[in-house]
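# Structural overview
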Amino acid sequence: MKYDVAVIGAGVVGSLITRELSRYNLKIALLERCNDCAMGATKANSAIVHAGFDAVPGTLKAKLNVRGVELMKDFCRELNVPLKNNGALVVAFSEGEIPHLEKLLKRGEENGVPGLRIVDREELKTIEPNIGDTAVGALVAPTSSIVCPYELTIAGVENAVSNGAEFIRNCEVKNIGFSDDEFTLATTQGEIKADYVINAAGVHSGKIAKLIGDDSIEIIVRHGDYYLLDKSQGSLANYTIFQCPTEMGKGVLVSPTVDGNLIVGPSANDIDNGDDVATTPEGLNGIYTAAIKSVPAVSLRNAITSFSGNRAHPTTDDFIIGSSKANKKFINAAGIESPGLSSSPAIAEMIVDIMNELTGGMEKKADFDPIRPEPVRFRHMSTEERAELIKKNKAYGRIVCRCETITEGEILDAIHAPAGARDVDGVKRRTRAGMGRCQGGFCGSKVVEILARELGVPMNEITKFGGESKIMYDRTK
């Protein structure tokens with residue numbers, strides 16, 4: 001188990017770094033402590049590709065956000081991931097907040113964000129009819145988009161694995177040694193050696209850096225709760241609607257998703273435990289109160305789930321990217337909070353540049369394939385397309401998830417894809433089976449049955465998200 005590069009953390013940043021490095025003649029391992037990729041902040045964030053007007057000019061956040069927006073379209077096209085350019089609004093709810101919009105406008109212009117403008121209440125009501133009655137104006141950012149962060153991550157891992165990288169699950173790094181110009185990583189999957197290590201461990205990136213004696217990274221775990229509303233509420237917002245930001249973040253948003261739902265959140269509360277993702281009544285009540293100020297028609301009667309995520313807030317208030325002072329062959333991609341998703345393609349590009357400098361230039365593969373084949377999305381097909389598909393494979397004619405119209409064929413594809421699903425939530429993220437109104441109440445047992453059959457294991461070994469999250473333990477008789 002000797003590699004040229006070991007990437008720690010299979011969130012959107014680590015996954016896209018691995019994908020970009022797989023363009024080169026390198027032996028690469030992507031190490032993830034959980035049972036699947038996209039298990040941390042990547043699966044629980046706002047899913048916004050921010051335009052870049054919020055970050056302070058001159059920071060890595062500002063530079064990489066704007067560059068990430070430029071790259072995201074090509075990344076999503078090559079990886080066959082839906083991206084919707086819906087634009088964003090930062091809304092002022094009093095005349096006293098208008099100067100803040102002007103500040104953001106100036107900041108965005110300094111960062112090179114195109115098309116920014118401030119509109120009055122009359123124009124705001126025209127472009128966003130459901131906006132709250134107390135809104136007096138808004139900053140319009142037309143280059144903002146929405147994407148599915150875990151789908152982008154999964155696609156990046158699939159493409160990297162197809163190009164020769166290895167994805168090693170349930171691989172928690174416990175210790176790191178360095179001798180004879182190589183790292184030795186003690187992990188829950190055994191000893192792994194690598195010439196270079198890239199630390200993309202999210203809220204745990206500070207702890208990972210300390211394993212090589214780098215105490216420079218201090219991460220504050222910032223917890224945020226969300227509501228996800230069903231598709232009956234998806235049309236309440238055309239744009240991603242922000243309120244004026246605070247020192248704790250960009251504030252509560254109301255936004256459509258690429259799949260037609262409505263997302264509301266997040267709250268912002270600093271906690272000690274980076275693995276604590278329990279929602280709180282205070283957090284959920286707070287985001288609802290804020291949401292109905294932006295869009296009064298938001299109704300929790302249409303909430304299909306609530307969830308929370310933890311983002312890695314660095315005390316430097318900027319991304320920490322570059323070789324560690326403790327060891328130049330250990331590269332940090334740490335403190336990646338918002339706009340981390342937006343910046344992820346640019347962060348990957350920057351890490352490649354650092355690696356090229358350290359190595360004296362990496363050799364590109366002649367046979368690298370940037371395209372991740374488009375997955376079957378039965379729900380979006382015409383009747384004729386569905387009939388033709390079912391002729392080729394009858395598994396696509398068996399509907400498993402009624403809410404989202406997901407077929408057995410799609411679930412089989414998800415399991416057998418490169419770095420495919422190994423648990424119920426893995427199937428859910430790849431196909432949307434279980435993401436509808438009933439939240440898996442109808443299809444969950446069938447998904448367990450298919451996973452057990454295809455993986456060749458008993459049903460009581462199938463988990464919801466790895467570890468001890470078993471769906472069933474034994475027969476009753």
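Everything here concerns the structure above.
About the criteria used
As a convention, each chain's residues are numbered from 1 in the sequence order in which they are written. Reporting in this predicted model follows two pLDDT cut-offs: at least 70 for local features of residues, and 80 or more for side-chain atom pairs to be given and counted; totals over whole chains, interfaces and linings ignore these cut-offs and use all residues. Side-chain measures were taken over the full set of non-hydrogen atoms in the model, leaving aside hydrogen atoms and water. Patches were defined on residues exceeding 30% relative accessible area and lacking a salt bridge, with like-charge contacts within 9 Å and nonpolar side-chain contacts (Val, Leu, Ile, Met, Phe, Trp, Tyr) within 5 Å. Calculation of accessible area relied on Shrake-Rupley with a 1.4 Å probe; when residues are assessed, cover is drawn exclusively from the protein chains displayed. Definition used for salt bridges: Asp or Glu carboxyl oxygen within 4 Å of a side-chain nitrogen of Lys or Arg. Helix and strand assignments follow DSSP, with helices taken as H or I runs no shorter than four residues and strands as E runs no shorter than two, numbered in order from the N terminus. Under the scheme applied here, a residue whose accessible area is under 20% of the maximum for its type counts as buried, over 50% as exposed, and between as partly exposed, the area being computed with a 1.4 Å probe on protein chains only. Any two strands between which DSSP finds at least two bridges are classified as paired. Comment: axis = line fitted to C-alpha atoms, over the contacting stretch for helices; angle = value between 0 and 180 degrees taken between N-to-C directions. Should the near helix be turned counterclockwise from the far one by less than a right angle, the crossing is left-handed, whereas a clockwise turn marks it as right-handed. Any two residues having at least one pair of non-hydrogen atoms within 4.5 Å are treated as being in contact. Polarity classes work like this: nonpolar for Ala, Val, Leu, Ile, Met, Phe, Trp, Tyr, Cys and Pro, charged for Asp, Glu, Lys and Arg, and polar for all others, with Gly in that last group. Ring geometry is summarised as follows: Phe, Tyr and Trp rings, the Trp one being its six-membered ring, pair when their centres sit within 6.5 Å, and such pairs are stacked at plane angles under 30 degrees, edge-to-face over 60 and tilted between the two. Here, a charge over a ring means that NZ of Lys or CZ of Arg falls within 6 Å of the ring centre while also lying within 35 degrees of the ring normal. For a helix, the expected span equals 1.5 Å multiplied by the number of residues minus one. Sulfur atoms of two cysteines make up a disulfide when they are within 2.5 Å.

This brings us to a nonpolar patch on the surface. On the surface, Met459, Ile471 and Met472 cluster together into a nonpolar patch covering about 230 Å² of accessible area. Within the secondary structure, Ile471 sits in the segment after α12 (444-455). By relative accessible area, which is 40% here, Ile471 ends up partly exposed.

Turning our eyes to something else, we now look at the sheet that holds strand β4 (residues 83-84). If you trace the 3 strands from one edge of the open sheet to the other, you get β3-β8-β4, paired in antiparallel fashion. Looking at which strands have only one partner, the edges of the open sheet turn out to be β3 (48-49) and β4. In this sheet, strand β8 (residues 145-147) lies alongside β4 in antiparallel orientation, the contact comprising 2 bridges. Of the residues in β8, the one forming a bridge with Lys84 is Ile146.

Look at helix α2 (residues 60-79) against helix α5 (residues 149-162): their axes get within 10 Å of each other, and the N-to-C directions meet at 65 degrees. With respect to the hand of their crossing, α2 and α5 are arranged in left-handed fashion. In this structure, α2 uses Met72, Cys76 and Leu79 to contact α5, whose residues at the interface are Leu152, Ala155, Gly156 and Asn159. Along the lines of polarity and charge, the residues of the contact of α2 with α5 split into 5 nonpolar, 2 polar and no charged.

On to the packing of aromatic side chains, then. Inspection of every chain in the model, using the stated rule, returns 3 aromatic pairs. Centre to centre, the rings of Phe178 and Phe183 are 4.7 Å apart; their planes meet at 55 degrees, and the pair counts as tilted. Here Tyr226 and Phe307 contribute two aromatic rings whose centre-to-centre distance is 5.0 Å and whose plane-to-plane angle is 10 degrees, an arrangement assigned as stacked. Here Tyr226 is found in strand β13 (residues 219-229), whereas its partner Phe307 is found in strand β18 (residues 303-314), with 81 residues between them in sequence. Positioned above the aromatic ring of Phe75, the side-chain terminus of Arg19 is 5.2 Å from the ring centre. When the ring centre of Tyr3 is taken as origin, the NZ or CZ atom of Lys27, which lies over that ring, is 5.1 Å away.

At 3.6 residues per turn, the α-helix brings residues three or four places apart onto the same side. Taking 1.5 Å per residue, 14 residues should reach 20 Å; helix α7 (residues 281-294) reaches 20 Å between its end C-alpha atoms and fits that length. In this structure, the buried side of α7 is in contact with β13, β14 (240-243), β15 (253-256), β16 (262-265) and β18.

So, on to the state of the cysteines. In a disulfide, the sulfur atoms of two cysteines are covalently bonded to one another. What the rule picks out here adds up to 0 disulfides. Between Cys148, a free cysteine, and Cys76, which holds the nearest cysteine sulfur, the sulfur-to-sulfur gap is 10 Å. Judged by its relative accessible area of 5%, Cys148 is buried.

Time to look at the pairing of β15. Of the two faces of β15, the one lined by Leu253 and Ser255 and the one lined by Val254 and Pro256 are each fully buried. As defined by bridge partners, β14 adjoins β15 across 2 bridges and the pair is classed as antiparallel. If you follow Ile241 over to β15, its bridge partner there is Val254. Relative to β16, β15 is paired through 4 bridges, and the arrangement is antiparallel. Within the sheet, the bridge partner assigned to Leu253 lies in β16 and is Gly265.

This paragraph deals with α12. Helix length check: α12, at 12 residues, gives a terminal C-alpha distance of 16 Å against a target of 16 Å (1.5 Å per residue), a fit within 8%. Restricting attention to buried positions, one finds in α12 the residues Gly444, Val447, Val448, Ile450, Leu451 and Ala452. The secondary structure elements touched by the buried residues of α12 are β21 (399-401), α10 (408-416) and α11 (424-431). Immediately beyond the C-terminal end of α12, within one or two residues, lies Gly456, with a positive phi of roughly 70 degrees.

Quick look at the pattern of salt bridges now. As enumerated under the stated definition, the model contains 33 salt bridges in all. One salt bridge in this structure joins Arg372 and Glu158, with 3.1 Å as the shortest N-O distance. Highlighted residues: Arg372 in the loop between α8 (340-359) and α9 (383-392) and Glu158 in helix α5, separated in sequence by 214 residues. Each member of the pair, Arg372 together with Glu158, is buried. Salt bridges sharing common partners tie together Lys2, Glu182, Glu191, Lys193 and Asp195.

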